[in-house]
Amino acid sequence: MVSIRRSVSAFVAVAIGVTLVAAATLLLASGRPQVPDRLARAAVVVQSPEAGASADSFVPTRPWSATATAGLVGRLAALPGVAAAVPDRTFYAQPLIDGRPAASDTHEGHGWSSAQLGGLRLTAGEPPRRPGEVVVDRALGLRTGAPVTLLTAVGAESYTVTGLVDRPGVHVADEVAATFAPGVRAIGLVLAADADPGRVATAARGIVGTDGRVLTGDARGVLEPRNDARTRWIGMQVLTATAALAGFVTVFVVASTFAFTIAQRRRELGLLRAVGATGRQVRRMVYGEALVVGASGGIVGLLVGGGLAPLLGWLLVDAGFEPSTFRVGYEPWPVALSLVAGPVISLLAVWSASRRAARVRPLEALREAAVEQRPIGRLRVATGALLVAVGVALSVGTATADEARVAGQYALYAVMALVAGATVLSPAVVGPVVRLLRSPVRRRGGAIGMLVRGGALTATRRTASTAAPVLLTVAFAVLVSGMVRTTTAAYAAGRADNVNAGWIVLPDRAPGLSDQAVAATGGTALLPTTVFRTDPGTAPADRPLTALGVDPAGFAAANRALTVVAGSLDDLRGDDTVVVTASANLRPSEPYAVVFADGTLVSLRVVAVVTDASLPGDLLVPRAVVRTHDPSALTSTVYVRDRIAPPVGARIVDVTTWAAEADAAEDRLVWLFTLLLIGVSAGYGAIAVANTLLLAAAGRAADLRLIRMAGATRRQVVWLVTAESALVVLIGALLGGAVAFVGLLSIRAGLAEQVGAPVDLVVPWSVVAGVLGLCLLLAVLASVLPTWRSLRHRPARSSVGVAG
């Protein structure tokens, strides 16, 4: 007894939900790391030991020293089947074109011997054989024999172009590469034509032991550039959140739709009970209908999602959520998951509605009036109260969380629980909200206002079911957009407040500033590098840390947040001193061993301990120490008192602009992600409202004809349904806004605790207004158009049943 007219809204919701799930999971399955082109011809690659870092830290592996590298290369090259063992060295080198740094994809330098690992061939000229010679990308427009200036970590240096290739990057003589990158993180093995990669890999593992990993085949994808890995990880978070939100919203919308259709079919279900159908049989019937809707919607969603996946993949790459190497492929498990998702979502969504259908009494078939007898039951009240309590508890967790990421997760879960609780309790809330709006409606609405108010009060379930998608949409739009904007503003303000400087010198078209550029500014610079903690007993071993090379006096003057709890920052001098944070649990004069970027293990001596919030990193060392052990390290920031003319490859901004731009690239991706989530929820909400109101309009045709027979004009009836639609959207907006406001207040409290200063609540009202406008527009169209069509002819006088 599946009614196509009544099931179309649930079918549409399921189809859209499975479309998003199918597209997201197909893209997720395609998001495997890619083997870098420059290592594609190395069938076996030996990687240096992994650092004990979290999956989203994207730090490099712990490098081998020059001595360890030479020993490994010699032993690996002697293996049967190995034609060459080539250490892959990567460092900063960026050509200057017309006095400015070239495009950002050309700032990687390598030794020329690494070219054979990727099958790189010269298109003109010859390889670099001595210092001062370089091979560059022919896209730069340079000719062989022409001079070119390279920006390196030291500064601008003159080179002669000896050859051209057809890929980005620069290649220098191996001896030059060894001075720029003494530490090595990968050794590529070029095999003989008849060699078996599996046997070579097994033999290589015997040589490397625990001092590295041997990679073959697709496993070499872990060697992809860290920026690509980070971009791919961000894309996975986007796709996972989209699929999860799609599933949650689909269950939510389909449940609301089924609840509405069950309310419309009470007389039909009462007739079934009157002719002998049991409650269990009625539930089985409703489950059967849901299964049919879910299966058909799932098939359609899978086909549409599969077709859209390549386009969505291109959009993800264009938006920066996936690296340029991303390609969409079709795997079996997303297809199977999508086929199962439709029926499972429908069965979960119809559970509550089926219980309500089974409780319909035979006497319902004899009722002419469909006025609801009881808007909400005790079990529903208890369930709603429990969900609200969980939401409040999670909101408290948000306000007390130590990290922004944890607070954001708590806030999202809190709003999910509060949205679910508000939806469950909404029939009981509709009455008080309508009565709250009674005075303005009475003053301005006249007879139409009275009918709108009376219809909402007598059909609270119908009103609540229609308002539920708006509630969900507004809650997510307000919470997510407000959370992102509030967090961004709070951290920017805290960052600016911690700096005691007038201006900030930053890189321009380059990943960092050279020593030459820093010397030209005369300011206080931060020279970051990654080191690895290797003291016995540390957990995890080889823990990556961010070390900042600084001048202690200048750093103390520029950093307002600096708080020394033990020792003295003035003692940070020489080549064996370090300043650590309190979380290191060390005292002055204790040893602190780290491995630097050149693979050298150095035992440092703690000279001071500062609070964790004092540093934009993990530890401080003298700037000269970083330069000694990391010849390719680049300065990230220079603090200056007065505005100066920036050197080549640099620009200057005020502190406020710097604070806002510090995480600009990440903030942009987060905001795009936010708009995507809002778009998914808003699109669902608007479609659900439209579908529900279309069903309501079809079910109320007799009511509206009766109103016309009582003397109302066609225009007045249209104004009536328009006002009802607006009231439903207003109720959903008020409830959704209240839910989101609770979450935002808890987020603001948590941020204020973290940054140590008052935080302003920022809500992008333009986004919220757009979401509300979309819901209102579709709600009005979905109710007015069928009403206008059904009232084209004045009905003949006849007996018409009264329906609430």
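Being a predicted model, the structure only gives us computed values, none of them experimental.

Novice: Would you mind showing me how to read the pairing of strand S9 (residues 147-151) here?
Specialist: For a regular strand, the rule is simple: side chains alternate between the two faces of the sheet. Both strand S4 (residues 94-97) and S9 contribute to a ladder of three bridges, which runs antiparallel. When the sheet's bridge partners are listed, Pro95 is paired in S9 with Leu150. What sits between S9 and strand S10 (residues 156-165) in their antiparallel hairpin is a turn of four residues, with Gly155 showing a positive phi close to 155°.

Novice: Before we go on, may I ask you to explain unusual backbone geometry in this structure?
Specialist: For residues besides glycine, phi is generally negative; the peptide bonds are generally trans as well. Its identity is not glycine, yet Arg509 carries a phi of approximately 60°, on the positive side. Here Arg509 falls in the partly exposed class, since its relative accessible area comes to 41%. The phi angle at Asn585 is positive, at roughly 55°, despite the residue not being glycine. Following the sequence through the fold, Asn585 ends up in the loop between strand S18 (577-581) and strand S19 (591-595). A relative accessible area of 65% places Asn585 in the exposed class.

Novice: Even after reading the chapter, I still don't get the packing of helix H2 (residues 66-77) against helix H4 (residues 197-208), so can you show me in this structure?
Specialist: Helix-helix packing: each pair is described by the crossing angle between the helix axes and the interaxial distance. Axis separation between H2 and H4 bottoms out at 10 Å; the angle between their running directions is 145°. As for the relative orientation of H2 and H4, their crossing is right-handed in sense. In this structure, H2 contributes Leu72, Arg75 and Leu76 to the contact, and H4 contributes Ala204, Ile207 and Val208. When the residues that make up the contact of H2 with H4 are grouped by side-chain class, the tally is five nonpolar, no polar and one charged.

Novice: Honestly, the confidence of the model for the protein in this entry has me stumped. Any pointers?
Specialist: Regions with low pLDDT should not have their predicted coordinates read in detail. Of all residues in the protein, 84% attain a pLDDT of 70 or more, and the chain-wide mean is 81. The secondary-structure element of the protein with the lowest mean pLDDT is helix H11 (residues 438-458), recorded at 58, while strand S21 (residues 619-622) shows the highest, at 96. pLDDT under 50 marks residues 798-804. Its contacts with residues more than four places away, or in other chains, come to 17 contacts.

Novice: What is the right way to look at the environment of Arg651 in this model?
Specialist: In this fold, Arg651 is placed in strand S23 (residues 650-654). As a C-alpha pair, Arg651 and Asp508 span 143 residues in sequence and 5.7 Å in three-dimensional space. Apart from residues lying up to four places away in sequence, Arg651 is in contact with Ile504, Val505, Leu506, Pro507, Asp508, Pro646 and Glu661. Only 2.9 Å separates the side chain of Arg651 from the side chain of Glu661, close enough to count as a polar contact.

Novice: So what exactly am I meant to see when it comes to the sheet that holds strand S1 (residues 44-47) here?
Specialist: Taken together, four strands build an open sheet; the order of strands is S2-S12-S1-S13 and the sheet is antiparallel. At either margin of the open sheet sits one strand with a lone partner, and together these are strand S2 (82-87) and strand S13 (213-216). Across the sheet, the axes of successive neighbouring strands diverge by a mean angle of 20°, strand direction being ignored. Sheet analysis places S2 next to strand S12 (residues 186-191), joined by five bridges and oriented antiparallel. By the bridge assignment for S12, Val86 is matched with Gly188. Lying on the sheet, H2 is in contact with S1, S2 and S12; it crosses S2 at an angle near 165°. H4 contacts S1, S2, S12 and S13 of the sheet and is inclined by roughly 170° relative to S13.

Novice: Whenever I open this one, H2 confuses me. Can you help?
Specialist: Spacing of three or four residues puts side chains on the same side of an α-helix, whose turn is 3.6 residues. Taking 1.5 Å of rise per residue, the twelve residues of H2 would be expected to cover 16 Å, and the 16 Å separating its terminal C-alpha atoms lies within 8% of that figure. Within H2 the residues assigned to the buried category are Thr69, Leu72, Val73 and Leu76. Around the axis of H2, the buried residues are gathered within 100° of arc, so they sit on the same side. Away from the buried face of H2 by more than 90 degrees, exposed residues Thr67 and Ala70 are located. Packed against the buried residues of H2 are S1, S2, S12 and H4.

Novice: What am I meant to see in the pairing of S12 here?
Specialist: A large share of S12 lies buried, amounting to six of its six residues. In this structure, S1 lies alongside S12, joined through four bridges in antiparallel fashion. Residue pairing in the sheet places Val45 in a bridge with Gly188 of S12.

Novice: Sorry, what's going on with H4 here?
Specialist: For H4, with twelve residues, the first-to-last C-alpha span of 16 Å sits near the 16 Å given by 1.5 Å per residue. Turning to H4, its buried residues are Val200, Ala201, Ala204 and Val208. The buried residues of H4 all sit within an arc of 100° when viewed along its axis, so they share a single face. Facing away from the buried side of H4 by more than 90 degrees, the exposed set consists of Arg199, Thr202 and Gly206. In the core, the buried residues of H4 are packed alongside S1, H2, S2, S12 and S13. Count one or two residues on from H4 and you reach Gly209, which has phi positive near 65°.

Novice: I would appreciate a short explanation of the packing of aromatic side chains in the present structure.
Specialist: Note on aromatic pairs: each is described by the distance of the centres and the angle between the planes. Across all of its chains, the model carries two aromatic pairs by this definition. Measuring from centroid to centroid gives 5.0 Å for Phe91 and Phe180, while their planes differ by 25°, and the two rings are stacked. Residue Phe91 is located in strand S3 (residues 90-92), and its partner Phe180 is located in helix H3 (residues 174-180); the two are separated by 89 residues in the primary sequence. Ring geometry for Tyr639 versus Trp658: centroids 6.4 Å apart, planes at 90°, classification edge-to-face. One end of the pair, Tyr639, is in strand S22 (residues 637-640); the other, Trp658, is in helix H16 (residues 655-661), and 19 residues separate them in sequence. Trp658 shares its class with Tyr639; the two are buried.

Novice: How do you make sense of the environment of Met483 when you look at a structure like this?
Specialist: Among the structural elements, Met483 can be located in helix H12 (residues 460-497). Counting along the chain gives 265 residues from Met483 to Arg748, while the straight-line C-alpha distance between them is 8.4 Å.

Novice: I tried to follow the pattern of salt bridges on my own but got confused; where do I start?
Specialist: Charged atoms that come close allow side chains of opposite charge to pair. Taken as a whole and assessed by the stated rule, the structure comprises 13 salt bridges. Put simply, Arg213 and Glu50 hold a salt bridge, and the shortest N to O gap is 3.5 Å. Of the two residues, Arg213 sits in strand S13 while Glu50 sits in the loop between S1 and H2, which places them 163 residues apart along the sequence. As a salt-bridge pair, Asp571 and Arg573 come within 3.7 Å of each other at their nearest N and O atoms. Exposure remark for Asp571: the relative accessible area of 34% places this residue in the partly exposed category.

Novice: Explain the nonpolar core to me, please; I cannot follow it from the model alone.
Specialist: One broad rule of soluble globular proteins: the nonpolar side chains tend to lie buried together. Counting 54 residues, the largest nonpolar core has Val254, Phe258, Leu269 and Phe321 as its most contacted members. Breaking this core down by element, the ones donating at least two residues are helix H1 (4-30), helix H5 (226-264), helix H7 (279-319), helix H8 (332-358), helix H10 (404-436), H12, helix H17 (664-699) and helix H19 (714-755). Of all the elements, H5 adds the most residues to this core, at ten residues. Grouped together as the second largest cluster of nonpolar side chains are 25 residues, Ala496, Val607, Leu615 and Val655 included.

What counts and how
Residues numbered from 1 in each chain as written. Predicted model: local features only at pLDDT ≥ 70, side-chain atom pairs only at ≥ 80, totals over all residues. Heavy atoms only, no water. Pairing = 2+ DSSP bridges. Helix = DSSP H or I, 4+ residues; strand = E, 2+ residues; numbered from the N terminus. Buried < 20%, exposed > 50% of the residue type's maximum accessible area, 1.4 Å probe, protein only. Axes fitted to C-alpha atoms, helices over the stretch in contact; angles between N-to-C directions. Left-handed = near helix turned anticlockwise from the far one by under 90°. Contact = heavy atoms within 4.5 Å. Nonpolar A, V, L, I, M, F, W, Y, C, P; charged D, E, K, R; others polar. pLDDT = per-residue confidence, 0-100. Polar contact = N/O pair within 3.5 Å; in protein donor to acceptor, adjacent residues only side chain to side chain. Expected span 1.5 Å × (residues − 1). Arc of directions from axis to C-beta. Phe/Tyr/Trp six-rings, centres within 6.5 Å; stacked < 30°, edge-to-face > 60°. Salt bridge = Lys/Arg side-chain N within 4 Å of Asp/Glu carboxyl O. Core = buried A, V, L, I, M, F, W, Y, C linked by side-chain atoms within 4.5 Å.

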